[in-house]
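# Commentary on secondary and tertiary structure
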Amino acid sequence: MEFNRIIRGSKREMNDLENLYAVLDAGFLCHVAFQHQNKSMIIPTAFGRKDEVIYLHGSTKNFMLNQILDGQTVCVAVTHLDGLVLARSLFDTSVNYRSAVVFGKAEKLESEEERMMGLKTITDHIIKGRWEEVPVGSEQALKATMVVRIPIESASVKIRKGGPMGDEDLKNEVWSGVIPLSLQPMGPVADEKFGGQLPLAESVIWYLSHFNR
């Protein structure tokens, strides 16, 4: 794998494996960009990462997954919005963020062992420990599920943090600073169709403690 050089905003370049993995592992929502009939398309989906490989899954009839298996290089982007940066001028107003853009070619997992490994990777990426708590699904459901891997051929990472910059000489006395933003889980809501209250699963307890620490 290699890192792509960032031209615009190069001071925010954080191109190394530690930062790449940190950005990818901080969430499970990505946007996949690809070409279909000479048209650019982008679709959000869940993903998982293991080493330098991105895993995606969906129905065997999933439009996007079937399109990206044609050998084209696809682009996968992950972004986390961390704050609104309000400067004393609109030109210098910005946001704090962490973003990663990776490129690679999708490969369909054929063997049952690889498919299950890919599904476990995605599951653990979303909520660690859930794989061991519930069954994967029926045999029919598994047959209707496609799993693909995208080895990361190249990537780039950009991170902005801190307060406003560039407005140091402005004299207008208007509040400036950062409004921090974060994604936080709320209190779990039990599935009412089963009735009663069961204790929280260990994966749910871990998830809540992980994000609320």
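Structure first, text after, so check above.
The notes below deal with the structure included here. (Residues numbered from 1 in each chain as written. Predicted model: local features only at pLDDT ≥ 70, side-chain atom pairs only at ≥ 80, totals over all residues. Heavy atoms only, no water.)

What follows deals with unusual backbone geometry. Phi at Gln37 takes a positive value of approximately 50 degrees, unusual for a residue other than glycine. By the secondary structure assignment, Gln37 is in the loop between strand 2 (29-36) and strand 3 (39-46). For Gln37, a relative accessible area of 65% gives the class exposed. Even without being glycine, Asn38 reaches a positive phi, approximately 65 degrees. Within the secondary structure, Asn38 sits in the loop between strand 2 and strand 3. (Helix = DSSP H or I, 4+ residues; strand = E, 2+ residues; numbered from the N terminus. Buried < 20%, exposed > 50% of the residue type's maximum accessible area, 1.4 Å probe, protein only.)

A few words now on the side chain of Ser203. Of note, Ser203 is situated in helix 5 (residues 202-212). Among the polar contacts listed, one links the side chain of Ser203 to the side chain of Glu133, at a separation of 2.6 Å. For Ser203, the contacting residues outside a window of four places in its chain are Ile127, Lys128, Gly129, Arg130 and Glu133. (Polar contact = N/O pair within 3.5 Å; in protein donor to acceptor, adjacent residues only side chain to side chain. Contact = heavy atoms within 4.5 Å.)

Another aspect to go through is the environment of Gly27. Within the element layout of this structure, Gly27 appears in the loop between helix 1 (17-25) and strand 2. Spatially, the C-alpha atom of Gly27 lies 7.3 Å from that of Ile126, the residues being 99 residues apart in sequence. Those residues in contact with Gly27, other than ones at most four positions away along the chain, are Phe47, His80 and His125.

This part takes up helix 1. Among the residues of helix 1, Leu20, Val23 and Leu24 are the ones counted as buried. Along helix 1, the residues classed as buried sweep out an arc of 95 degrees about the axis, all on the same side. Capping the start of helix 1, Asp16 holds a side-chain oxygen 3.1 Å from the backbone nitrogen of Glu18, two or three residues further along. (Arc of directions from axis to C-beta.)

Spatially, the four strands line up as an open sheet ordered 4-5-9-8, and their pairing is antiparallel. Either end of the sheet is taken by a strand with one partner, and the two such strands are strand 4 (48-50) and strand 8 (107-108). With two bridges joining them, strand 8 and strand 9 (residues 145-151) adopt antiparallel strand pairing. Bridge pairing in strand 9 places Glu107 opposite Arg149. (Pairing = 2+ DSSP bridges.)

So yeah, pure geometry; function would need other evidence.
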